Amino acid sequence: MVDLSVRIKDLVFKNPVLTASGTCGFGEEIADFVDLAMLGGVVMKGTTLKPRQGNDYPRMAETPSGMLNAVGLQNKGVDNFIQNIYPNIKDIDSNFIVNVNGSTIEEYIELTERINELDKIPAIELNISCPNVKEGGMAFGVSCPSAEAVVKAVRRVYDKPLIVKLSPNVTNIAEIAKAVEGQGADSVSLVNTFLGMAVDANSRKPVLSTITGGLSGPAIKPIALRMVWQVYQAVQIPVIGMGGIMNATDAIEFMLAGASAVQVGTAIFIDPTIPTQIVEGIDSYMEKNKMHSMSDLIGGLQM
Amino acid sequence: MVDLSVRIKDLVFKNPVLTASGTCGFGEEIADFVDLAMLGGVVMKGTTLKPRQGNDYPRMAETPSGMLNAVGLQNKGVDNFIQNIYPNIKDIDSNFIVNVNGSTIEEYIELTERINELDKIPAIELNISCPNVKEGGMAFGVSCPSAEAVVKAVRRVYDKPLIVKLSPNVTNIAEIAKAVEGQGADSVSLVNTFLGMAVDANSRKPVLSTITGGLSGPAIKPIALRMVWQVYQAVQIPVIGMGGIMNATDAIEFMLAGASAVQVGTAIFIDPTIPTQIVEGIDSYMEKNKMHSMSDLIGGLQM
Amino acid sequence: MKKTVQELLLVENKQLNHDNFKLVLQAPTKLPEIFPGQFVNIEIKKATEIFLRRPFSVLDVDYENNTFSLLVKILGRGSKVLTTYEEGEKISVVYPLGNSFTLPQKQDKVLLIGGGSGVAPMLFLAKICGLPAENVHVILGARSQQDHVNIDAYQAFGNYYFTTEDGSLGEKGFVTHHPVFTNELSTFDRVYTCGPDMMMKAVAKEAAVKGISCEVSLENMMACGFGVCLCCVEKTKEGNQCVCTEGPVFNINKLTW
Amino acid sequence: MKKTVQELLLVENKQLNHDNFKLVLQAPTKLPEIFPGQFVNIEIKKATEIFLRRPFSVLDVDYENNTFSLLVKILGRGSKVLTTYEEGEKISVVYPLGNSFTLPQKQDKVLLIGGGSGVAPMLFLAKICGLPAENVHVILGARSQQDHVNIDAYQAFGNYYFTTEDGSLGEKGFVTHHPVFTNELSTFDRVYTCGPDMMMKAVAKEAAVKGISCEVSLENMMACGFGVCLCCVEKTKEGNQCVCTEGPVFNINKLTW
Ligand SMILES: Cc1cc2nc3c(=O)[nH]c(=O)nc-3n(C[C@H](O)[C@H](O)[C@H](O)COP(=O)(O)OP(=O)(O)OC[C@H]3O[C@@H](n4cnc5c(N)ncnc54)[C@H](O)[C@@H]3O)c2cc1C
Ligand SMILES: Cc1cc2nc3c(=O)[nH]c(=O)nc-3n(C[C@H](O)[C@H](O)[C@H](O)COP(=O)(O)OP(=O)(O)OC[C@H]3O[C@@H](n4cnc5c(N)ncnc54)[C@H](O)[C@@H]3O)c2cc1C
Ligand SMILES: Cc1cc2nc3c(=O)[nH]c(=O)nc-3n(C[C@H](O)[C@H](O)[C@H](O)COP(=O)(O)O)c2cc1C
Ligand SMILES: Cc1cc2nc3c(=O)[nH]c(=O)nc-3n(C[C@H](O)[C@H](O)[C@H](O)COP(=O)(O)O)c2cc1C
Ligand code: FES
Ligand code: FES
């Protein structure tokens, strides 16, 4: 058995496979299918300070090799998380990461402070890239100054590993990554969903209640992979790659392009056992290719 | 039979279905399969002043519901076009549009002037969005000032309909569209390909000789559709939509979202009769929905 | 009931009418208990355009043979391709999913109303609700005779009535036009319904007026089917709830209809 | 030869060995003339992951029945799914595509060298090149005996020699190790080859040294197959040329190998 562990700052992940925010609930929802302790980490559903009802139905449209969602950060708020969810997950032997969202910088700060109090939450993922909310979200993630402002503010109140989740809806993602690195981010994760749209030709209406939504799944993989590769070359901090990963080969491609770890999102909807299958697949790939530690794989693309 | 004609400035297209640049050669290559006079227009392979060999093989990678290409504007140059191709197409009853490329503004101008001399070329498509060339191409299309500069320069030497082809690899495509409209563009066409990448996990190498390439096909349709909708709301000039159109329903979706016409690209590789099938499909949709002219369809999305 | 994802064996694929098929799937292991209203989520690999799984209600369970059946109506591309699978092929299924109808109490008189592909859970419920057949009344609606599926196997478990929009079988009109519904609704203790939204809303409205307990089974569009994507939500009096986990069965009291 | 896109009927799908299948397709209209080296581009709809068509060389043509056959080797997902199609199914095919081998002159003595899936055009060429069998010599290479396909139907059209890397059939080694190649190469007027790049390059090198006319058939990755995408290019002495229209057959003089 190869050593599959990777690190972000001093935080060790037993393997580089995490589930992506918004696609695995709080972990419990997929516990019927997988042993959560087999995963490198679980990035939980986007959390906000106050409960949010999210957007109206319909929130989903299937697209070629992908899907659009317009969930809009439906969640029961941080109090509910602390009281009702945290107790159930805190002793599971994996890294449960909170995906932190806000409409204003103040909200990001306040939420981060609340999460900071939770011993068994080893890191947060700062979501500055949600395309499905009217305020905040992606608006922060598409320009350097606003991305810097959020990261700077949160960094001041949070000492544990701070992962910043980037939006792909930008001209130059490497620039944004460098900007947040400059403000002390310990890692960047990318990509969040691409802003897309679906139209129903019969009813002549948008399919989603919000008109636009976020595109995920294999359709976006080639773009996500390119972005991970660009960001990897631009920053020193570890990059977490995602976007359309469906199997171990996809995950390995992201790692060769520079990802230190990967997140699996939409694939879980198709088969919730895919994340653990990927762990096994990476293990056999490493053995087959006589690689001993993850550093042999990460950024191992040969030009 | 419904009136399917649409206009850009004073140029009439008998129907709103064009073939996209780089996917139908100069029209002749698909003449075995379709009667070119059945098409609204044919946007020919990207042309440059001097012949170009394009990039090295491999130039292509299949991706989920799409493909990456890194052709890099291989073409025999404008002289060859004028001598050997123009004579064959000039009397075909459709709109043969030249896709104009340059590494510098001077090259764009010079090429446009050469094309301007050709009576039977009723319009040009200014490509400021090719992701597969080292100089020029997309570099012009991802910022307002540079996009404005090219369009301004070309507009000065070209009076016929000027279509500007936009890159989707930007934070705000509506802004770029407005900028080129401000410089006198008669229409914008979008989208060109998304910058993407493919990795071969076995060889641990990029699949494409150029590492990155342009993503096209159904995978990108939701993003392209969103962009067309955004641009339609931002500009007054007609929008030509494309990106993953495979059938009449897809084309109708783009037109509902605001496209005055559509281009069919990668679909031609799968079946070169798709463009004409789409013409028929739009016709029956219009009849079925009791629409009489294209203005009933264009931008007909109901909110 | 632990949810699993398993490769099941297609042991029967039988065309019932022009657009309905009965599919029987066999599990390699002992089946968990499955209740009427619950559904399964099916991967359809033999088609270029299908990405997400497709949900189908369970029509019947045979614990001895570890099989369950589905009633698949051809609606779009996915359901169409699914009906071309051949006996002996393997299909990946996530199951069992969702809640189920509240089973009636002894002595209850119940009215089951199914339309379109909503017939499946109604037949399943009729069969296993545990009431004598005379207490179980089932109205099935369709566009015309040819759209009805043969319910012979379920005849013993209730009294069946049909409506068709063109009058080609049973009463002409919608299910809510059937005399059992218009005249006798107040005689029932519970109403269960599954089918097109319009139909369920019409049923629910009358049931509410008469103050009869009424459960509906929703068919909201789903991505995951097990509560993680939050795409399938229905607005309820307690806020947005996932149809795949809090439903698909809802008491109409809970809904904002 | 006008190119068309047509739905063809799969009239035969026969497994030849562990990973090679012979597929016979029938056209609804009169077949155009098809020559050795030409190929067809096939849509594989029954799979989630396949987007582009897959090119396959023609193995044989039967003008009377309007059928042609292909030799399909399972390489990845597309070829695998293609071999699961059943007789009676329709398959969309773009054909005929590409150029063809230059047919030999009367009295020529020719050497045909095929490896892997490159066997198909060699067999086709052997059959219709118009030379007496004694003038046609065919070396077929494979990893081991089980990888060779049965060439009985072509025995009458030439002299067949085999090589295997493990020596399980014919000579041990590569095609270029076969005595007919090492000792008799200069006795041939023309050499034709199709197969893995490495093999073709080795053959081409020797042929060039001996000054024998040599044609190779390339299998570059293709998107369209009919000359519009410019993805399949091969570097030639006259610049990048499309393998799907200027090829797949090239005289080695033209290549930069
Ligand atoms: C809990 C549940 C139980 C179901 N039980 C059954 C059953 O027992 N038998 C049966 O035949 N069908 C059932 N359905 C419906 C079935 O899932 C859909 O018919 C199927 O997913 C359609 O897939 P498709 O690819 O054929 O259609 P598509 O090509 O995806 O869609 C065709 C059209 O139908 C619409 N559509 C697709 N799925 C749904 C949906 N779930 N709700 C509303 N509109 C939709 C699409 O928007 C589109 O306009 C159930 C659905 C749910 C959620
Ligand atoms: C002109 C031409 C004629 C051909 N004739 C035949 C024939 O007669 N019989 C036959 O069995 N095959 C033939 N081939 C090869 C055949 O097209 C491929 O085997 C097939 O496309 C593989 O598809 P797949 O989905 O199974 O493989 P994929 O899953 O797409 O690929 C599997 C692996 O093979 C590689 N690969 C795929 N296609 C090619 C290719 N064209 N060249 C090099 N590498 C490739 C991929 O990069 C990947 O690593 C021919 C190809 C060409 C271009
Ligand atoms: C239904 C859905 C909900 C999502 N919710 C969140 C979220 O709350 N926070 C977040 O940062 N990303 C969210 N995402 C984005 C994913 O975490 C991931 O970045 C994206 O889907 C790309 O990866 P994938 O293609 O593997 O799904 C969501 C994605 C989907 C499909
Ligand atoms: C192989 C290939 C070559 C292309 N060459 C050009 C080109 O020369 N000029 C140009 O403006 N666009 C070019 N494009 C982009 C297409 O015209 C079109 O914008 C894009 O492919 C999206 O549409 P589609 O998804 O329908 O293919 C090319 C696309 C492909 C796939
Ligand atoms: S379908 Fe995903 S939560 Fe219900
Ligand atoms: S495959 Fe498209 S040009 Fe050859």
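For the structure itself, consult the block above.
Quick notes on the rules
Residues numbered from 1 in each chain as written. Chains lettered and ligands numbered in written order. Predicted model: local features only at pLDDT ≥ 70, side-chain atom pairs only at ≥ 80, totals over all residues. Heavy atoms only, no water. Contact = heavy atoms within 4.5 Å. Salt bridge = Lys/Arg side-chain N within 4 Å of Asp/Glu carboxyl O. Helix = DSSP H or I, 4+ residues; strand = E, 2+ residues; numbered from the N terminus. Nonpolar A, V, L, I, M, F, W, Y, C, P; charged D, E, K, R; others polar. Core = buried A, V, L, I, M, F, W, Y, C linked by side-chain atoms within 4.5 Å. Buried < 20%, exposed > 50% of the residue type's maximum accessible area, 1.4 Å probe, protein only. Pairing = 2+ DSSP bridges. Buried area = accessible area lost by both parts, 1.4 Å probe. Polar contact = N/O pair within 3.5 Å; in protein donor to acceptor, adjacent residues only side chain to side chain. Near = heavy atom within 4 Å. Areas by Shrake-Rupley, 256 points an atom, 1.4 Å probe, with all protein chains shown as cover.

Enquirer: Can you walk me through the interface of chain C and chain A in this structure?
Expert: Where interface size is given, it is often the accessible area lost as the parts come together that is meant. In this assembly, 29 residues from chain C lie in contact with 34 residues from chain A. Taken together, the connections running from chain C to chain A amount to 2 salt bridges. The salt bridge involving Asp56(A) is made with Lys235(C); its shortest N-O contact spans 3.3 Å. Counting only elements with at least two residues in the side of chain C that touches chain A, the list comes to β1 (4-17), β13 (233-236) and β14 (239-242) of chain C. A breakdown of the residues in the side of chain C that touches chain A according to their chemical character gives 17 nonpolar, 5 polar and 7 charged.

Enquirer: I'm lost on the nonpolar core in this one. Help?
Expert: Soluble, globular proteins show a tendency: their nonpolar side chains are buried together. Judged by nonpolar contacts, the single largest core of 302 residues is most densely connected at Phe81(A), Leu126(A), Ile282(A), Phe81(B), Leu126(B) and Ile282(B). Residue contacts for Ile282(B): discarding those within four places in its chain leaves Leu4(B), Pro16(B), Val17(B), Ala248(B), Ala251(B), Ile252(B), Met255(B), Met294(B) and Leu297(B).

Enquirer: Help me understand the pairing of strand β8 (residues 124-127) of chain A in this model?
Expert: Looking down a regular strand, the side chains alternate between one sheet face and the other. All names here are of chain A. Neither face of β8 is left uncovered, since the one carrying Ile124 and Leu126 and the one carrying Glu125 and Asn127 both have all their residues buried. The pairing of strand β7 (residues 95-100) with β8 spans 3 bridges and is classified as parallel. The partner of Val98 across the bridge, within β8, is Ile124. Direction of pairing for β8 relative to strand β9 (residues 162-165): parallel, over a ladder of 4 bridges. Paired with Glu125 across the two strands is Ile163, which belongs to β9.

Enquirer: Got a minute to help me understand the interface of chain B and chain A in this structure?
Expert: Between chain B and chain A, the contact holds 45 residues from the first and 45 residues from the second. Both sides together, the interface formed by chain B and chain A hides about 3700 Å², and carbon and sulfur atoms give 66% of it. The interface formed by chain B and chain A holds 0 salt bridges in total. Our enumeration of links across chain B and chain A arrives at 12 residue pairs in polar contact (both at pLDDT 80 or more). Of all the secondary structure elements, the ones that give two or more residues to the side of chain B that touches chain A are β11 (194-197), β12 (199-200), β13 (205-206), β14 (212-216), α6 (221-234), α7 (248-256) and α9 (274-288) of chain B.

Enquirer: What exactly am I supposed to notice about the site of ligand 4 here?
Expert: Around ligand 4 sit 24 residues, and of these Ser21(B), Lys165(B), Gly217(B), Gly244(B) and Thr266(B) come closest. More than one chain reaches ligand 4: its neighbouring residues belong to chains B and D. Lys45(B) places a side-chain nitrogen or oxygen 3.1 Å from an oxygen atom of ligand 4. A distance of 2.8 Å separates an oxygen atom of ligand 4 from a polar atom in the backbone of Gly217(B). If ligand 4 stood free it would expose 600 Å²; the protein chains cover 98% of that surface.

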